[in-house]
Amino acid sequence: MKKFLHLLFTVVLVPFFSKAQKQPGAVYYQNLISKNFSFLGIHENELRNWRISDAYFDVHANATYIYLQQVYKGIDIENAINAVCFKNEEPVTHNLSVIRDFKVSGEKITPAISAQNALTKAAGILNIPVSSSIVSLRSDAESHSQEFSRSGISQNNIPVKLLWVNTGKNHIELRLAWEVFIKTKQNNALWQVMVDAQTGAEIRKTNLTVYENSSQDIKRRHNIFIYEEDEPQQDLSGNSTQDIKNITSSKYRVIPYPYESPLYTNGAVVTDPWAKNHNQNANTLKWNNDGTDDYTITLGNNVYVQEDHDGYDSTFGYSPKSSTNPPNLNFDFTPDFLREPTDTINMNFSLTNLFYWTNLMHDLSYQYGFDEVAGNFQQSNMSRGGQDEDLVIADAQDSSAFNNANFATPPDGSYPAMQMYFWDPSLIYHLYVNSPSSYKGNHYAMKDVVSAENSFLKTGPVTADVAFFIDSTGTHTGCTGAMNPNALKNRIAYIDRGSCNFTVKFLKAQAAGAKGIIVGNYSGDNTLISMGGSDSTIKIPGVFVTGSDGDSLRKYLNAAVPVNASLYGPQLDGELDNTISTHEYTHGISTRLVGGAQNVSCLKNKEQMGEGWSDWYAMMITQDWPKTSVSGDHIRTIGNYAFGLDGNFIGIRTYPYSTNMNINPWTYDSLAKLPTSAQLFDVHTVGEIWCTMLWDLTWKLIGSYGIGDNIFDATQTGGNNAALSLVTQGMKLTNCSPGFIDARNGILKADTVLYGGKYSKQIWEAFAARGLGFSAAQGNSNNTTDGVAAYDIPAVLPVTFSGFTAEKHGDAALLKWTTAQESNTNKFIVERSADGKPFVSIGEVKAAGNSSVKKSYQFTDASPIMGVNLYHIKEVDNDGKINLSDIRSLNFADISPSVTISPNPATNTVTIRIPGNNQNLTVRLLSNTGQLISTHAMPNESYTIDVSRLAAGVYNIVINGSDYAKKYKLVIQ
C-alpha cells in the first residue's frame, strides 16, 4: 500500500515542492495520508480516488495542511477539494466531504476531441473567430491540462483542462468535459467554457466577471474575477539600482494606518512602515526590492503600482518616483484635493497611497498565515516555499470603468491584478451656492440617475445663475413646456418636485436651453432621493435638494435676489479609500486560501463568503485599535469616501456594520429572503450578512480577552488578534464552494488547531446570536433560500470527536472513533438505526474520563440489520450531558436477515419478525406440495398470520424482497 501511495502522490507533489526546500518533502505528506486514511473517512479501496493538489507546513498554526482533490478514474472532479490538517502529526480535522452516489454520462475517460479542438469549440461558442495558429505552450499529464498561446482569441494564455463536471439538476451526474478559460477585452469578460469532451457541444459557459446591471445602484458596482496577467514587459532598468537590498529606509506621504480615507486626515509622512511587523519575514526585502533589484518607483517584492489612464491593462504606465536615491527613498507628494485626481502631484500621492496600503495588507495577512507556502503574493519567495513571480499588478486611476474596483486571482505563481477606478459619487455636496453671500457654501444634494449621458464625468461642473422654471399652469413643476425659455437659456432651472416623472422635467428644461436643473423636495420634507428614470437623450445634469434648501432657493428667487450656483461631482480617486483597496486585496487572500493556492475557483457558488471576508479585513486594518473602546455599538462603514459620503452615512452597504441588531439586523434568516433572480441577486448582500457575523465574533472575543494594541503582532492575546488568526486560518479549513455553516465550522476547526478549542464558547455565542447556531442547517451552498436558521448554543462539550469511521468486515460492522480531547467523560453509547428515527443502543464503551491527547476506540456490531445501517456515537459525561458524533452509513443488503417465526409449531396464529426491516416484503403461505394458500404484505419488522383454520401438517412460508428471497418450514398442530 505504501508503494501505491508513493506512485499516486509523488507525481503531483514534485512540481509543487520544486521551490520549497525548507518545507517537508513529498513523502512526508504521503505518509500522513497513508497512516490516517481510515481516520479521514476514506476507505482503503477509495485511496485511488484522491490526489494531493497542495500541501505545506504552516508556521503560524504549527500545523500541516494537505488539500485532497477527489478524482474519478484519475480525472479531477470539479471543485471536489477537501482541506485536512495535522498537528504534531496527529489529524485534527476529519470526515472528508465526498461525492458519492453519482451517475456518469458514459464511462469513457479518453476524450474524443483534443484540448486544442476544445479551445476552438469554445471560441466558436463565444463567437470569437480563430484567425491565427494555436500554439501549445506546456502540458501536465497528471492534471490532464494544457496551456495554449493567446492566438488572437484571448488577452492571456489559454488554460485547458480535462475534468468531470456536474450536469445534473436534482442529482449528481458527471460528464467528461474540457474546461477552457478565455479572457476577452469586450466587457472585461473572463469566460469559463465547459465543452463536452466526447461531442464538442457546449455544456455551460460562465462569465466570471460580475457586472452591475442598474446604473441607479452605484454602490454595488464592484466585481471579482479570475484572471491571468501577462508578465510585465516594461523596461524598468532606469528605475532600478541593480543592487540587492541596498535600501535601508523609505518615507511615504500617505493616508496613514489606520485612517480609512481623506475624510479623517489629509495625509502624513510615514517612515519605514514595515517596522511594526512582529514577524519580520514579512518584510525581509522591505518594500522596494524584489529579491534582485532595488527600485526607486512604487515597485517591490509585493506590488507594482502604476497608472492606467488609457485603460489598456498591459501598458504598464507611469509610477511615482522617489525624489532621492538609495539607500534612503522619499515618496513625499503633498496633495491638493481641490484639484483633479489626475493632477501630477495628486496622482503621485494617490499611487503612493495604494502602494503603501497594499504592502500593509501583505504584511498583516503574513502575520496570520498568508505567507509563501499558503500562496501569498510575492515576486521572490526567498526559497521559503510556494511559487515565485506573483507580485500584485495594481492599475491605479484605471479609465476602463468607474465606480468600481476588482482583484483578479490566478493560481500561485501567476500575477494577480488589481484595478482601481475613479468614482462619480451619487451623494455629496453636489450643490455649491456662489451667491448670495448669506447662502454661500456647500449643500447636500443627490445626483440623478436618469441617463448615462449626463454624469458629471461627461459634463464636468456646471456653473450658472438659477432661474425658476415656469410651466403652463404658472407653477414650477416642469411638467409642460417652459413659458419662460429665454429666462432659462444657459441657466440652471429650479423645479419643484411632483406631478410628473423626473425624466419629463429634465427634457422640458433641456428643450428650453437650461444647462442643468435643481429639483427641490416638498416643503418640510428633508429626505434626499435619487431621481430615477431612463432616457439617454438627457444630456444636462441635475440634483435633488431637501425641502429646506428648496424653501431657501424659492425664497431668494421670489424676492428677485440673484442666485448663482455650481452643480458639480468631483471625481473621487478609489485609491484614496483604503476600505476599498484592502477589500479588494482580501479577495486574493480568500481565493488562494479556500481550496488551496493552486485552485482559485472555489468561491463561485451563491452562498460563498468572499465579499464578507473582504469587508471584515478592510475594517480590521482601518480600526484604530489603541484608541478603541470595548463598549459601544462598534459602528463601521465601507466605501464612504469613494461614494462621496461623510461619516454620518452608511457607505455602500445596506446597513452599517454594528453589533447592535437595531442598527444592523442581518441574520442567517435574512439570507433566505434575498432575491434569487440573476438580475437582482447580489453577492455583496450575502457578504454583508457574513461580515456582520464576523464583526460580532470579533467583539465577542474582545469582550472576553481585551484589545491587542498591535494587530501586526499575531502573538498578542487580544480578542482582535485572535479573531484575525481564527478567520484567516479558518479560510484554509473551509470547504470548497462553501456555505455559511462550512465557513463557521472552518473557524471552529481553526480554534482547535490554533488554541485547542479555547474560544469555542465565544464563537458559538456570536454565530448563534445571528442565527448560525448549533442546529442551523445549510442546505445546498449554491442556493441561498434553503438554509434553516437556529439560535441555539451546544451544551458544554466534554469531548471533541476527531474521527469516526464505519467499515464492513464480512457480515459485521467495525466502528472506530477517536477523540482529540476529553473532559469529564463517562462512556460512549453506540446507537444504530435503519432510517434515522429512532436510534437504539447496541452497545457501550468506557470513556477515558480526561485526556488532552488523541484516544482511539472501536466497537463491532456482529449482527447488523439487512439493508442500510446508520450509526452514531453518543458520548455521556459524568454529569449526564451528551454529545453526538456524525452519522456513518453501511449497507448490508447482501446478508440474510435475522428471521424468527413463532410459535412453530403453531395452532392459532404465527408471527414473523425481521428486526430492522424497512422493505415492503411479500409473504406467501404455501402447502407442502407448493399450492398457494394466501399472500400478505409485510412493510415493517413484524407480521401476524391467522392459521387457525388450517389442517395440521407441514407448510412453507416464502418471504421475498427487492434483494432477498427465503423459504421456511412451518408446522401446524
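Residues numbered from 1 in each chain as written. Predicted model: local features only at pLDDT ≥ 70, side-chain atom pairs only at ≥ 80, totals over all residues. Heavy atoms only, no water.

Asks: Could you give me a rundown of the overall build of the protein chain, with the residues and numbers involved?
Replies: A count of helical and extended segments in the protein chain gives 15 helices and 42 strands. Per-residue burial over the protein chain gives 57% buried out of 973 residues. Contacts in the protein chain between residues at least 24 apart in sequence constitute 64% of all its contacts with a sequence separation of at least 6. Of the roughly 37800 Å² of accessible surface on the protein chain, 49% is carried by carbon and sulfur atoms. (Helix = DSSP H or I, 4+ residues; strand = E, 2+ residues; numbered from the N terminus. Buried < 20%, exposed > 50% of the residue type's maximum accessible area, 1.4 Å probe, protein only. Contact = heavy atoms within 4.5 Å. Areas by Shrake-Rupley, 256 points an atom, 1.4 Å probe, with all protein chains shown as cover.)

Asks: Kindly report on the nonpolar core, identifying the contributing residues and their values.
Replies: Within soluble globular proteins, side chains that are nonpolar tend to cluster in buried spots. Trp 613, Trp 616, Trp 690 and Phe 740 are the most contacted members of the largest nonpolar core, which has 114 residues in total. For this core, the element with the most residues is helix H12 (residues 683-705), which contributes 12 residues. The residues touching Trp 616, leaving out its near neighbours within four places in the chain, are Cys 691, Leu 694, Trp 695, Thr 698, Ala 723, Leu 724 and Val 727. Grouped together as the second largest cluster of nonpolar side chains are 28 residues, Ile 113, Ala 115, Val 160 and Val 195 included. (Core = buried A, V, L, I, M, F, W, Y, C linked by side-chain atoms within 4.5 Å.)

Asks: Could you give an account of the packing of aromatic side chains, with specific residues and numbers?
Replies: Enumeration over the complete set of coordinates arrives at 34 aromatic pairs. With centroids separated by 5.6 Å and ring planes inclined at 45°, the aromatic side chains of Phe 377 and Phe 407 adopt a geometry described as tilted. In this pair, Phe 377 sits in the loop between helix H4 (344-367) and strand E16 (392-402) while Phe 407 sits in strand E17 (residues 405-408), placing the two residues 30 residues apart along the sequence. Residue class for Phe 377 comes out buried when judged on its relative accessible area of 0%. With centroids separated by 5.2 Å and ring planes inclined at 75°, the aromatic side chains of Tyr 655 and Trp 666 adopt a geometry described as edge-to-face. One end of the pair, Tyr 655, is in the loop between helix H10 (610-621) and helix H11 (668-672); the other, Trp 666, is in the loop between H10 and H11, with 11 residues separating them in the sequence. An aromatic cluster is present here, built from Tyr 252, Trp 274, Trp 287, Phe 331, Phe 355, Tyr 356 and Trp 357 joined pairwise through their rings. (Phe/Tyr/Trp six-rings, centres within 6.5 Å; stacked < 30°, edge-to-face > 60°.)

Asks: Just give me the short version of the packing of H4 against helix H9 (residues 578-593), but keep the residues and values in it.
Replies: Any two packed helices are characterised by how steeply their axes cross, that is the angle between the axes, and by the distance between the axes. Packing of H4 against H9 leaves a shortest axis separation of 10 Å and a crossing angle of 45°. One element, H4, and the other, H9, form an angle in the oblique class. H4 and H9 meet at a crossing whose hand is right-handed. Across the interface between the two elements, Asn 353, Leu 354, Trp 357, Thr 358, Met 361, His 362 and Ser 365 of H4 pack against Asn 578, Ser 581, Thr 582, Tyr 585, Thr 586 and Ile 589 of H9. Residue composition of the contact of H4 with H9, grouped by class: 5 nonpolar, 8 polar and no charged. (Axes fitted to C-alpha atoms, helices over the stretch in contact; angles between N-to-C directions. Parallel < 35°, antiparallel > 145°, perpendicular 65-115°, else oblique. Left-handed = near helix turned anticlockwise from the far one by under 90°. Nonpolar A, V, L, I, M, F, W, Y, C, P; charged D, E, K, R; others polar.)

Asks: Break down helix H8 (residues 547-558) for me, with residues and values.
Replies: For the α-helix, the turn length of 3.6 residues means that residues three or four positions removed from each other point alike. Helix length check: H8, at 12 residues, gives a terminal C-alpha distance of 16 Å against a target of 16 Å (1.5 Å per residue), a fit within 8%. What H8 keeps buried is the set Gly 547, Asp 549, Gly 550, Leu 553, Arg 554, Tyr 556 and Leu 557. In this structure, the buried residues of H8 make contact with strand E20 (441-447), strand E21 (462-468), strand E22 (492-496), strand E23 (516-520) and strand E24 (542-545). Phi for Ala 560, located one or two positions after H8, is positive at around 60°. (Expected span 1.5 Å × (residues − 1).)

Asks: Would you mind going over a nonpolar patch on the surface in detail, with residue names and values included?
Replies: A contiguous nonpolar surface patch, about 260 Å² in accessible area, is contributed by Tyr 259, Leu 263 and Tyr 264. Given the relative accessible area of 31%, Tyr 259 is considered partly exposed. (Patch = residues over 30% accessible without salt bridge, like charges linked within 9 Å, V, L, I, M, F, W, Y side chains within 5 Å. Salt bridge = Lys/Arg side-chain N within 4 Å of Asp/Glu carboxyl O.)

Asks: If you had to explain the pattern of salt bridges to someone new, which residues and values would you point to?
Replies: Side chains that differ in charge, positive against negative, can pair when their charged atoms come close. This structure, assessed with the given rule, holds 23 salt bridges. With a closest N to O distance of 3.0 Å, Lys 161 and Asp 76 form a salt bridge. With a gap of 85 residues between them, Lys 161 in strand E8 (residues 158-166) and Asp 76 in strand E3 (residues 75-87) connect regions that are remote in the sequence. The exposure class of Lys 161 is partly exposed, given its relative accessible area of 23%. Relative accessible area serves as the criterion here: at 3%, Asp 76 is assigned to the buried category. The salt bridge partner of Lys 447 is Asp 448, with a shortest N-O separation of 2.7 Å. Of the two residues examined, Lys 447 and Asp 448, each falls in the buried class.

Asks: Which residues make up the sheet that holds strand E12 (residues 249-254), and what are the values?
Replies: Within a sheet, neighbouring strands are paired by backbone hydrogen bonds and run either parallel or antiparallel to one another. Reading across from one edge, E13-E12-E15 is the order of the 3 strands in this open sheet, with mixed pairing throughout. Each edge of the open sheet is held by one strand with a lone partner, namely strand E13 (268-271) and strand E15 (328-331). Shown here is a sheet whose adjacent strand axes are inclined to one another by a mean of 15°, direction ignored. Here 4 bridges tie E12 to E13, and the two strands are oriented antiparallel to one another. Within E13, the residue paired with Arg 253 across the bridge is Val 269. This element, H4, spans E12, E13 and E15 of the sheet and lies at about 120° to E12. (Pairing = 2+ DSSP bridges.)

Asks: Break down the sheet that holds strand E36 (residues 900-902) for me, citing the residues and quoting the values.
Replies: The 3 strands lie next to each other as E36-E37-E40, forming an open sheet whose pairing is antiparallel. In the strand order of this sheet, the two ends are held by E36 and strand E40 (942-946), each with one partner. Averaged over all pairs of adjacent strands, the angle between their axes in this sheet comes to 15°, without regard to strand direction. Note that strand E37 (residues 909-913) and E40 share 5 bridges and pair antiparallel. Within E40, the residue paired with Ile 912 across the bridge is Tyr 943.

Asks: Can you lay out the packing of helix H14 (residues 740-755) against helix H15 (residues 760-769) for me, pointing to particular residues and giving the numbers?
Replies: As a packed pair, H14 and H15 sit with axes 10 Å apart at the nearest point and diverge in direction by 165°. Classified by the interaxial angle, the pair formed by H14 and H15 is roughly antiparallel. Here the hand of the crossing between H14 and H15 comes out right-handed. Only Ser 760, Ile 763, Trp 764 and Phe 767 of H15 make contact with H14, whose side of the interface consists of Arg 744, Ile 747, Leu 748 and Asp 751.

Asks: Quick one: what's the story with the pairing of E12, residue by residue and with numbers?
Replies: For E12, a buried count of 5 out of 6 residues is recorded, marking the element as mostly surrounded by other parts of the structure. Sheet topology places E12 next to E15; 4 bridges connect them, and they run parallel. Along E15, the bridge assignment pairs Tyr 252 with Phe 331.

Asks: How would you summarise the pairing of strand E35 (residues 888-892) if you had to cite specific residues and measurements?
Replies: On E35, burial follows the alternation: Arg 888, Leu 890 and Phe 892 on one face are buried, whereas Ser 889 and Asn 891 on the facing-out side are not. By the bridge criterion, 5 bridges tie strand E33 (residues 867-877) to E35 in an arrangement that is antiparallel. Each residue of the ladder has a partner; that of Asn 869, found in E35, is Leu 890.

Asks: With reference to specific residues and values, describe helix H7 (residues 502-511).
Replies: Buried within H7 are the following residues: Phe 502, Thr 503, Lys 505, Phe 506 and Ala 509. Down the axis of H7, the smallest arc covering the buried residues is 160°, so these residues share one side. Close packing links the buried residues of H7 with E22, E23 and E24. The positive-phi residue at the C-terminal boundary of H7 is Gly 513, with phi of around 95°. (Arc of directions from axis to C-beta.)

Asks: Summarise the side chain of Ser 350; cite the residues concerned and give the values.
Replies: Mapped onto the fold, Ser 350 is located in helix H4. Polar side-chain contacts of Ser 350 include one of 2.7 Å to the side chain of Asp 573. Leave out the neighbours within four places in its chain, and Ser 350 touches Gln 397, Asp 573, Glu 575 and Leu 576. (Polar contact = N/O pair within 3.5 Å; in protein donor to acceptor, adjacent residues only side chain to side chain.)

Asks: Tell me what's going on with the side chain of Gln 192, and back it up with residues and numbers.
Replies: When you line up the elements, Gln 192 lands in strand E10 (residues 190-196). What makes Gln 192 buried here is its relative accessible area of 1%. Side chain to side chain, Gln 192 and Glu 179 meet in a polar contact 2.8 Å long.

Asks: Explain the confidence of the model for the protein chain to me, using residue names and the numbers behind them.
Replies: Across the protein chain, the average pLDDT comes to 86, with 90% of residues at 70 or higher. Here residues 210-235 scores under 50 on pLDDT; set against residues more than four positions off or in separate chains, the count is 101 contacts. (pLDDT = per-residue confidence, 0-100.)

Asks: Account for the state of the cysteines, with residues named and values stated.
Replies: Here, disulfide denotes a covalent bond that connects the sulfur atoms of two cysteines. Tallied over the full model, the rule gives 2 disulfides. Disulfide pairing is shown between Cys 479 and Cys 500; the S-S distance is 2.1 Å. With the S-S dihedral at roughly -85°, the linkage between Cys 479 and Cys 500 falls on the left-handed side. Remark: Cys 500 occurs in the loop between E22 and H7 and Cys 479 occurs in the loop between E21 and helix H6 (485-488); sequence separation between them is 21 residues. Under the relative-accessibility criterion, Cys 500 is labelled partly exposed at 22%. Two residues, Cys 602 and Cys 736, share a disulfide whose sulfurs are 2.1 Å apart. Note on the Cys 602 and Cys 736 pair: the S-S dihedral is about -105°, so by sign convention the disulfide is left-handed. Here the residue Cys 602 occupies a position in the loop between H9 and H10, and Cys 736 occupies one in the loop between helix H13 (719-732) and H14, the gap between them amounting to 134 residues. You'll find Cys 602 and Cys 736 in the same group, each marked buried. (Disulfide = S-S within 2.5 Å.)

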